[in-house]
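In case you want the letters, here they are:
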Amino acid sequence: MGLSAVTVLGVDRPGVIAAVTGSLADCGANIQDSTMTLLGGHVAMMLLVSGGLSADELTKHLCAPDLVVTASAVEARRYFGGRPTGLGYVLTVHGPDRPGIISAISAELASVGGNITGMSTRLSGRLYVLIADVELPEEVDVAGLMRGLATVGSGLESQITFRPVEPDLL
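Residues numbered from 1 in each chain as written. Predicted model: local features only at pLDDT ≥ 70, side-chain atom pairs only at ≥ 80, totals over all residues. Heavy atoms only, no water.

**What about helix H1 (residues 16-26)?**
Of all the positions in H1, only Val16, Val20 and Leu24 are classed as buried. Here the buried residues of H1 occupy an arc of 70° about the axis, which is enough to place them on one side. Exposed side chains of H1 directed beyond 90 degrees from the buried face belong to Ala18, Ala25 and Asp26. Phi for Gly28, located one or two positions after H1, is positive at around 80°. (Buried < 20%, exposed > 50% of the residue type's maximum accessible area, 1.4 Å probe, protein only. Helix = DSSP H or I, 4+ residues; strand = E, 2+ residues; numbered from the N terminus. Arc of directions from axis to C-beta.)

Below is the structure:
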């Protein structure tokens with residue numbers, strides 16, 4: 001069984017997710033992991049699918065005039081033990097919209113080996129909001145990282161919060 005990463009982008013309308021996932025099911029593809037969201041009136045989907053079709057065959061099977069579809073063969077990767085091995089945190093940013101917010105935040109996290117595992121952003125008028133799930137290596141100096149994030153936030157005129165994930169809430 002092959003594994004493919006599939007991306008789908010199209011104008012949002014009722015039934016678009018049902019159409020894409022139905023087409024995948026019709027060709028025997030199994031959705032192993034997915035994320036779907038609306039971006040400025042467009043539906044954006046990223047799916048990890050397994051099945052007998054190649055990435056090229058999946059792209060052709062999902063092709064529709066109102067959708068941009070790409071599929072690429074990928075190698076299966078899993079965390080040891082089936083789950084992340086680092087420390088989980090939630091990062092939030094609130095501040096004025098400007099270019100470079102994500103770049104500055106992600107660079108600070110990457111400087112200590114931090115990995116953003118999920119992220120959502122919204123623009124409401126001039127207020128920019130970012131929420132990210134972050135995994136840190138166990139040996140990270142979290143207090144030092146928080147000082148670095150505070151410096152980045154100050155430079156962006158934004159408030160940044162960084163807190164551990166509450167395992168009981170998951």
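Right, picking up where we left off after that structure.
**Some words on the nonpolar core**
In this structure, Leu91, Ile105, Leu109, Val134, Leu136 and Phe162 are the most contacted members of the largest nonpolar core, which totals 19 residues. Contributing elements (two or more residues each) for this core: strand S5 (87-96), helix H3 (101-110), strand S7 (127-136), helix H4 (142-155) and strand S8 (159-164). No other element matches the five residues that S7 contributes to this core. Apart from residues lying up to four places away in sequence, Leu109 is in contact with Leu91, Gly114, Ile116, Val134, Leu145, Leu149 and Phe162. Core analysis: the second largest hydrophobic core is formed by 17 residues, Leu24, Val43, Leu58 and Leu67 among them. (Core = buried A, V, L, I, M, F, W, Y, C linked by side-chain atoms within 4.5 Å. Contact = heavy atoms within 4.5 Å.)

**Some details on the sheet that holds strand S1 (residues 2-11)**
The antiparallel open sheet is built from four strands, whose spatial order is S2-S3-S1-S4. Each edge of the sheet is formed by a strand with only one pairing partner; in this case those strands are strand S2 (30-39) and strand S4 (67-73). Within the sheet, the average angular offset between the axes of one strand and its neighbour, ignoring direction, is 15°. In the sheet, S1 pairs with S4 via seven bridges, with the strands oriented antiparallel. In the sheet register, Val8 faces S4, and the bridge partner there is Val69. Contacts from H1 reach S1, S2, strand S3 (42-51) and S4 within the one sheet, and its direction differs from that of S3 by about 15°. Contacts from helix H2 (residues 55-62) reach S1, S3 and S4, with the element oriented near 165° to S4. (Pairing = 2+ DSSP bridges. Axes fitted to C-alpha atoms, helices over the stretch in contact; angles between N-to-C directions.)

**Observations concerning H2**
For an α-helix the count is 3.6 residues per turn, leaving residues at separations of three or four pointing the same way. Those residues of H2 lying buried are Ala55, Leu58 and Leu62. Take H2 and look down its axis: the buried residues cluster within an arc of 60°, on one side only. Opposite the buried face of H2, at more than 90 degrees from it, the exposed residues are Asp56 and Lys60. Check the buried side of H2 and you find it contacts S1, H1, S3 and S4.

**Some remarks on the packing of H1 against H2**
One can describe the packing of H1 onto H2 by two numbers: an axis separation of 10 Å at closest approach and a directional angle of 130°. As summarised for this structure, H1 and H2 are arranged oblique, according to the angle between their axes. For H1 against H2, the interelement crossing comes out right-handed. Each of Val20, Ser23, Leu24 and Asp26 in H1 lies in contact with H2, whose residues at this interface are Leu58, His61 and Leu62. When its residues are assigned to classes, the contact of H1 with H2 shows four nonpolar, two polar and one charged. (Parallel < 35°, antiparallel > 145°, perpendicular 65-115°, else oblique. Left-handed = near helix turned anticlockwise from the far one by under 90°. Nonpolar A, V, L, I, M, F, W, Y, C, P; charged D, E, K, R; others polar.)

The values reported here are purely geometric and, on their own, carry no functional implication.
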